[in-house]
Amino acid sequence: MNSLESRSILIIDDDDALRRSIVGYLEDTGFEVHQARNGYEGIRKFEELLPSLVLTDLMMPELDGLGVVNAIRQHSPDTPIVVISGNGSVGYAIETMRQGAWDYITKPIHDFSVLEEVISTVTARSEEARASRKRLEELERSVDEQTAQLQDADLRDPLTGLPTRNHLQELFTRAVKKNDFPGSLFVMLLDLDNLKSVNKTLGHACGDRVLVETANRLLELQTEQRVVGRLGADQFIIMVVDCHEVHGCITAVRQLLAIPYTTGPEELFVTGCIGISVFPHDGESLDRLLQNANAALSQAKQLGTNKYAFYSRDLGERLRERMVRESGLHRALERDEFFLEYQPKIAVQTGMVCGMEALLRWQPTTQGSQVSPSEFIPILEETGMIVEVGNWVLETACRQHLLWQQQGMPPLTLSVNISAVQFHAGNLPETIAALIQQTGIAPDCLCLELTESIVMQDIEQTVATLHRLRELGIKLSIDDFGTGYSSLNYLQRMPLTELKIDRSFVMNLPQDTSAIAIVDSVLTLSKSLNLTVVAEGVETPQQAAFLTARQCHQLQGYLFSRPLGAAAFEAFVDFSCKTVR
């Protein structure tokens, strides 16, 4: 503790006995200690004394610990704050850490050495953050000085000081015209994977510091054969003249990004994807090379984070096909190219149709065959068009269901898939309420199917949205269950009515022991939560017999019927009813 003895500490606590005990202990340890009996007094003393560290009680009258944390953060965001919480307020203490506290200690404090350890830890982090910020400020100052020396500001990125696209164009032209040009040049387009998340959670100032630090690291790679630049947003470019260096350069970039970023109290970990094109094979102009490197970058991102890909003519053709698909989808609704098919669900107990799943189909007028949902639905989701199209699916399916009811069909359950974009758009309960009002469908006949990945995002908001939906009287189902990471604890909080066993498990029944174990687990779980279980992808009598013996409630798959048009589905239900009778 020798390095900390000169530091001052402010203790804010309305518990006189505890406060005096902490003061005595820390003074004996060698600290300069100041104290305050409530939040307002603590803030006044903080502004007057500017201590190196603050210890504050969480639960205090008038101004609580969260108020103290917010006030101090506004005045001095780099001052470490440690909150002291009672046994019942740990969740509140964690909330204060989200708001800017550096750590917390729970009462009662039996061993004051714990307090000393926490102070030592946050002080070390504070010193490291200050040192990092100083280095960053020096770097930014250096970049500013270099930028100011340039005659044409358009040639340098104002944030990082790296060459801009215009300057890179000059450097590219100069490189390929050199007498000793080896004949090939690689354009590497680097896109930081999670900078948008950094900007959203920590602010754009923090994101800018990440960009500056990234630029500084990439400059370590710059040689006569390599030029580093920035295209804007979260993209950097590296032009590599020597073809023998490109793989080594890729490895070096990934190693540089693997080093943690220190831009505040916490460390950040940033990865990046890289798309690569080659002059002259993939283009003879920088614009074309960047276009194709961007295509390769899109391919790398599809593989996940921290990936890279080289451009190929086949990749370019696939991207052009995607552009055609996307263009067609923008007009598909107005051209009346979408339609629905309905796949029956069979009740195991009766053998009769008990419901149907509405499935979206697309038949472009410009071609003779349908486009597979696996091709066009991801495009709808990525572009955001899924919200409008999803609303069309809901309304069309509900109106068809009401028409069937008016024609005398039993009140079957209509299941409709909801995408992540629809669910997290923020207005799904209002959309469903309006839909029920407009179409007249009975709420208990409508079931929304959500994937595990949807409900595991932003749990608190998700649970609140699910409860609002259930209050409308509709049913809620988890689709593809068993493929995600939902836990029993989360499922118990969700007002679900149904689980669907994913087809990837059903297809291996009844011979695969792992699939059997998963199916048995889902059925046991559903029984404990009083949920209906639907097995999808049932294609053989053996699968159906196994699931029936295990008391699965409903079956769906090609063994019973493929997805059908409205008229064919109506005929299937009539035939099913007559057959069972």
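Before reading on, note that the structure itself is shown above.
Calculation criteria
Residues numbered from 1 in each chain as written. Predicted model: local features only at pLDDT ≥ 70, side-chain atom pairs only at ≥ 80, totals over all residues. Heavy atoms only, no water. Helix = DSSP H or I, 4+ residues; strand = E, 2+ residues; numbered from the N terminus. Buried < 20%, exposed > 50% of the residue type's maximum accessible area, 1.4 Å probe, protein only. Contact = heavy atoms within 4.5 Å. Areas by Shrake-Rupley, 256 points an atom, 1.4 Å probe, with all protein chains shown as cover. Core = buried A, V, L, I, M, F, W, Y, C linked by side-chain atoms within 4.5 Å. Phe/Tyr/Trp six-rings, centres within 6.5 Å; stacked < 30°, edge-to-face > 60°. Pairing = 2+ DSSP bridges. Axes fitted to C-alpha atoms, helices over the stretch in contact; angles between N-to-C directions.

1. Overview of the overall build of the chain
Part 1: Looking only at helices and strands, the chain has 22 helices and 20 strands in total.
Part 2: Dimensions of the chain along its principal axes, counting C-alpha atoms only, are 90 × 80 × 50 Å.
Part 3: A total of 581 residues make up the chain; the buried ones form 47% of that total.
Part 4: Across the chain, every contact between residues at least 6 apart in sequence was considered, and the portion connecting residues at least 24 apart equals 66%.
Part 5: A total of about 28,400 Å² of accessible surface is found on the chain, and carbon and sulfur atoms cover 49% of it.

2. Let's talk about the nonpolar core
Part 1: Counting 74 residues, the largest nonpolar core has Y342, L414, I432, L446, L448, L547 and F569 as its most contacted members.
Part 2: No other element matches helix α13 (residues 386-406), which puts seven residues into this core.
Part 3: Within the second largest apolar cluster, 30 residues are counted, among which are L195, V240, A252 and L256.

3. A word on the packing of aromatic side chains
Part 1: Enumeration according to the criterion identifies 11 aromatic pairs in this entry.
Part 2: Plain terms: the ring middles of Y308 and F310 are 6.2 Å apart, the flat faces sit at 80° to each other, and that makes the pair edge-to-face.
Part 3: The class of Y308 is partly exposed, set by a relative accessible area of 32%.
Part 4: For F310, a relative accessible area of 32% puts it in the partly exposed group.
Part 5: Their ring planes at 70° and their centres at 5.7 Å tell us that W362 and F376 sit as a pair that is edge-to-face. Residue W362 is located in strand β14 (residues 353-362), and its partner F376 is located in helix α12 (residues 373-383); the two are separated by 14 residues in the primary sequence. The same class applies to W362 as to F376, namely buried.
Part 6: An aromatic cluster is defined as three or more aromatic residues linked by ring pairs; in this entry it consists of F338, W362, F376 and W392.

4. Focus on the sheet that holds strand β4 (residues 81-85)
Part 1: Strands sit in the order β2-β1-β3-β4-β5 across an open sheet of five strands; the sheet is parallel. Edge strands, defined here as strands with exactly one partner in the open sheet, are β2 (32-36) and β5 (103-106). Strand-to-strand twist of the sheet, defined as the mean angle between neighbouring strand axes without regard to direction, takes the value 20°.
Part 2: For strand β1 (residues 8-12) and β2, the ladder comprises five bridges, and the chain directions are parallel. Note on β2: the bridge partner recorded for I12 is A36.
Part 3: Taken strand by strand, helix α2 (residues 39-49) contacts β1, β2 and β3 (53-57), and its axis lies near 145° from that of β2.

5. Quick notes on the pairing of strand β6 (residues 185-192)
Part 1: Burial runs high along β6: eight of the eight residues are buried.
Part 2: As paired elements, β6 and strand β11 (residues 272-279) share eight bridges and run antiparallel to each other. Opposite D191, over in β11, you have C273 as the bridge partner.
Part 3: Examined bridge by bridge, β6 and strand β8 (residues 235-240) share six bridges and lie antiparallel to one another. From the neighbouring strand, V187 faces β8, where its bridge partner is M239.

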